[in-house]
Amino acid sequence: MEMSSTLTYREHIETLKDDLDFEEQGDATYLHHPDDEARLLWAFHRPSGSHPIQVGDPNTDVAIMAFNHSRLGALERFTRLNPAVISDPDLRRHIRNRSRMLFRALVDNDFTELLAVLKFAPVFMDQACDQMINGRIWNEHYASPFLASEFLTMAGEECDEKLTTGVIRRLKPLNRYTFDEAKELLSELSTQVQKLHDSLKEHYLQAFERWIGVEKLHPLQAIVLKKQLHQLKGSYE
């Protein structure tokens, strides 16, 4: 269906809504439309969320609309976003609510994508810290101790007791590990201790001291585990 010169963009989009290929027609007409207003409307009305290329639209209003209405994952959405939106505090304000939701999901996972987003756009560290401290835990996708350590290092001056507590809340508690899993974790931590942030070294040191104290260990197991714990403790002291 061709657009009549008497129809506004909004009216034309409305006439397409009942067509089975509504989205296909809309993409063909509006994704690369020369008028910013047309692309802005399509970013809002596109039925499956804005198109990925719209998130990087050269017009910042279109890019903001597309970012807010996109269904892309957090990492792809941030990396596609028009760089002018990222660099301008006033423009970032218009995506703050949506980016808050994205960081809520990022901190509730293993931190792989969280770190990737922050390395790409460090200006969002304040939102990451806010969600780390105040965000609820929705699932059981626990953070990697080493990625959590890297996050705390990246946080720099933002790294205080509240932030550290928020990170520790997202580490898998030892009581959720089987005995063999806990042994494997202690071995990994003790052999890669240089990668651990000091606050997480202290956390695991205390947690494993309690854990070894309550486990009924074979004498040989106790020797091995205490040696690994000493290795962890020695690096901390």
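Residues numbered from 1 in each chain as written. Predicted model: local features only at pLDDT ≥ 70, side-chain atom pairs only at ≥ 80, totals over all residues. Heavy atoms only, no water.

Student: Account for the nonpolar core, naming residues and giving values.
Tutor: Core analysis: the biggest nonpolar cluster contains 57 residues, and Phe103, Leu114, Phe151 and Phe208 have the highest contact counts within it. Element by element, the count of residues in this core is highest for helix H15 (residues 198–214), at seven residues. Sequence-distant contacts of Phe208, that is, excluding residues within four places in its chain, are made with Leu174, Ala182, Leu185, Leu186, Leu189 and Leu229. Counting nine residues, the second-largest nonpolar core is a separate cluster that includes Tyr9, Leu31, Leu41 and Trp42. (Core = buried A, V, L, I, M, F, W, Y, C linked by side-chain atoms within 4.5 Å. Buried < 20%, exposed > 50% of the residue type's maximum accessible area, 1.4 Å probe, protein only. Helix = DSSP H or I, 4+ residues; strand = E, 2+ residues; numbered from the N terminus. Contact = heavy atoms within 4.5 Å.)

Student: Account for the environment of Asn68, naming residues and giving values.
Tutor: Positionally, Asn68 belongs in helix H5 (residues 60–69). Between the alpha carbons of Asn68 and Glu140 there is a distance of 27 Å; along the sequence they are 72 residues apart.

Student: Report on empty space enclosed by the protein, specifying residues and quantitative values.
Tutor: The full count for this structure, using the stated rule, is one cavity of 30 Å³ or more. Size it by volume and the largest cavity reaches roughly 50 Å³. Residue lining of the largest cavity: Val107, Asp108, Asn109, Ile137, Asn139, Glu140, His141, Tyr142, Arg169 and Arg170, and that is the complete set. Of the residues contributing to the lining of the largest cavity, the split by class is three nonpolar, three polar and four charged. (1 Å grid on protein atoms, 1.4 Å probe; cavity = no way out; pocket = protein on both sides within 12 Å on 5 of 7 lines; lining within 4 Å. Points joined across faces, edges and corners; volume = space filled by probe spheres on them. Nonpolar A, V, L, I, M, F, W, Y, C, P; charged D, E, K, R; others polar.)

Student: Any chance you could break down the side chain of Ser199 for me, citing the residues and the numbers?
Tutor: With respect to the secondary-structure elements, Ser199 resides in helix H15. Judged by relative accessible area, Ser199 falls into the buried class, the value being 17%. For Ser199, the side chain forms a polar contact with the side chain of His197, separated by 2.8 Å. Setting aside anything within four residues of it in sequence, one finds Ser199 in contact with Leu152 and Thr164. (Polar contact = N/O pair within 3.5 Å; in protein donor to acceptor, adjacent residues only side chain to side chain.)

Student: Can you break down helix H11 (residues 125–134) residue by residue, with the values?
Tutor: All buried positions along H11 are accounted for by Met125, Gln127, Ala128, Cys129, Gln131 and Met132. On its buried side, H11 packs onto helix H9 (96–106), helix H10 (112–120), helix H12 (145–155) and helix H13 (161–168).

Student: Would you mind going over the environment of Thr29 in detail, with residue names and values included?
Tutor: For Thr29, the position within the fold is in helix H2 (residues 22–30). Thr29 sits 13 residues away from Trp42 along the chain, and the two C-alpha atoms are 9.3 Å apart.

Student: A description of the layout of surface pockets should follow, citing residues and the corresponding values.
Tutor: By volume, the largest pocket is sized at about 180 Å³. Lining the largest pocket, in full, are Ile168, Leu171, Lys172, Pro173, Leu174, Asn175, His203, Tyr204, Ala207, Arg210 and Trp211. Broken down by element, the residue count for the lining of the largest pocket peaks at five residues, all from H15. Counted by class, the lining of the largest pocket contains seven nonpolar, two polar and two charged residues.

Student: An account of the side chain of Asp27 is requested, with residue identities and associated values reported.
Tutor: If you trace the backbone, Asp27 turns up in helix H2. In this view, Asp27 contacts Trp42, Arg46 and His51; residues no more than four positions away in its chain are not counted.

Student: Pulling in residues and values, what's your account of the pattern of salt bridges?
Tutor: In the structure shown here, the tally under the stated rule is 11 salt bridges. Ionic pairing is found between Asp36 and Arg39, a salt bridge with its closest N-O pair at 2.6 Å. Of this pair, Asp36 and Arg39 both sit in helix H3 (residues 36–45), three residues apart, which is roughly one turn of that helix. Judged by relative accessible area, Arg39 falls into the buried class, the value being 7%. Lys183 serves as the salt-bridge partner of Asp180, at 3.9 Å between the closest nitrogen and oxygen. Of the two residues, Asp180 and Lys183 both sit in helix H14 (residues 179–191), three residues apart, roughly one turn of that helix. The exposed category is assigned to Asp180, whose relative accessible area is 52%. Exposure remark for Lys183: the relative accessible area of 27% places this residue in the partly exposed category. Residues participating in the shared-partner salt-bridge network are Glu23, Asp27 and Arg46. (Salt bridge = Lys/Arg side-chain N within 4 Å of Asp/Glu carboxyl O.)

Student: Break down the packing of helix H1 (residues 9–16) against H2 for me, citing the residues and quoting the values.
Tutor: Direction vectors running N to C along H1 and H2 enclose 150°, while the axes themselves pass 9 Å from each other. Comparing the axis directions of H1 and H2 gives the class roughly antiparallel. For the pair H1 and H2, the sense of crossing is right-handed. Side by side, H1 and H2 meet where Tyr9, His12, Ile13 and Leu16 of the first sit next to Phe22, Gln25, Gly26, Thr29 and Tyr30 of the second. (Axes fitted to C-alpha atoms, helices over the stretch in contact; angles between N-to-C directions. Parallel < 35°, antiparallel > 145°, perpendicular 65-115°, else oblique. Left-handed = near helix turned anticlockwise from the far one by under 90°.)

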